[in-house]
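Structure at a glance
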Amino acid sequence: QVQLVASGGGLVQAGGSLDLSCAASGSILRVYTWGWYRQALGQQRELVAQITRGLVESYQDSVKGRFTIARDDVQNIAYLHMNNLEPEDTAVYYCTADVQQIDREGYRTYWGQGTQVTVAS
C-alpha cells in the first residue's frame, strides 16, 4: 500500500509565500508523475502543476511564474513553492503521485489528503 501525506498549508497575506510538500511512503518502486491540484470552495478541482520523472514541468496559466514544482526521488517527496500568492489561490491543495509498486507492473495514481491554503487580501 502507498500513502501520500501533504503538509505546509496555512494562512498568508497576499504577496506572501508558502511551500507545500507531499511525502509518499509504502511499497514504492518508483514515482512517475507528481501533480498538485487545488479545489476552491464551490469550484471544481483543477490541476495546478505537474512534474514528470524526466523533470518536465507544466503549470496552469494562472500560476506560471509564481509557483514552482520540484521533486526528490530519493525521499519520494514533491514540493510546490508558491510565491506572490493572491486571494484567488485560496483553496485546498492536493498532491498526486503515479506510483509503480514493488513487484507490480504498471502504475496507479494516489492522492494525498489535502492541505488548506488561505491567502488574505
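Keep in mind it's a predicted model, so treat the numbers as computed, not measured. Residue numbers here run from 1 along each chain, matching the order of that chain's written sequence. Local features in a predicted model are, by the rule used here, given only for residues with pLDDT of at least 70; side-chain atom pairs are given and counted only at 80 or more, and totals for whole chains, interfaces and linings are based on all residues. Side-chain measures here rest on the full set of heavy atoms in the structure, leaving out hydrogens and waters.

With that out of the way, let us pick up the nonpolar core. Leu4, Trp34, Trp36, Phe67, Leu80, Met82 and Tyr93 are the most contacted members of the largest nonpolar core, which totals 30 residues. Those elements giving two or more residues to this core turn out to be strand 1 (2–7), strand 3 (18–26), strand 4 (28–39), strand 5 (46–51), strand 7 (67–72), strand 8 (77–82), strand 9 (91–101) and strand 11 (115–120). Of the residues forming this core, the biggest block, five residues, is contributed by strand 9. Take the buried Ala, Val, Leu, Ile, Met, Phe, Trp, Tyr and Cys residues and link them wherever side-chain atoms come within 4.5 Å; each set so joined is a nonpolar core. Buried means the residue's accessible area, taken with a 1.4 Å probe over protein chains only, is under 20% of the maximum for its type, while exposed means over 50%, and partly exposed covers the values in between. Secondary structure elements are taken from DSSP: a helix is a run of H or I of four residues or more, a strand is a run of E of two residues or more, and numbering for both begins at the N terminus.

The side chains of a regular strand alternate between the sheet's two faces. Counting buried positions over the eleven residues of strand 9 gives ten, a clear majority of the element. Note on pairing: DSSP must find at least two bridges between two strands before they are called paired. Examined bridge by bridge, strand 4 and strand 9 share nine bridges and lie antiparallel to one another. Across the sheet, residue Arg38 finds its bridge partner in strand 9, namely Tyr93. Bridge count between strand 9 and strand 11: three bridges; the pairing is antiparallel. Paired with Ala91 across the two strands is Val117, which belongs to strand 11. Direction of pairing for strand 9 relative to strand 10 (residues 108–111): antiparallel, over a ladder of four bridges.

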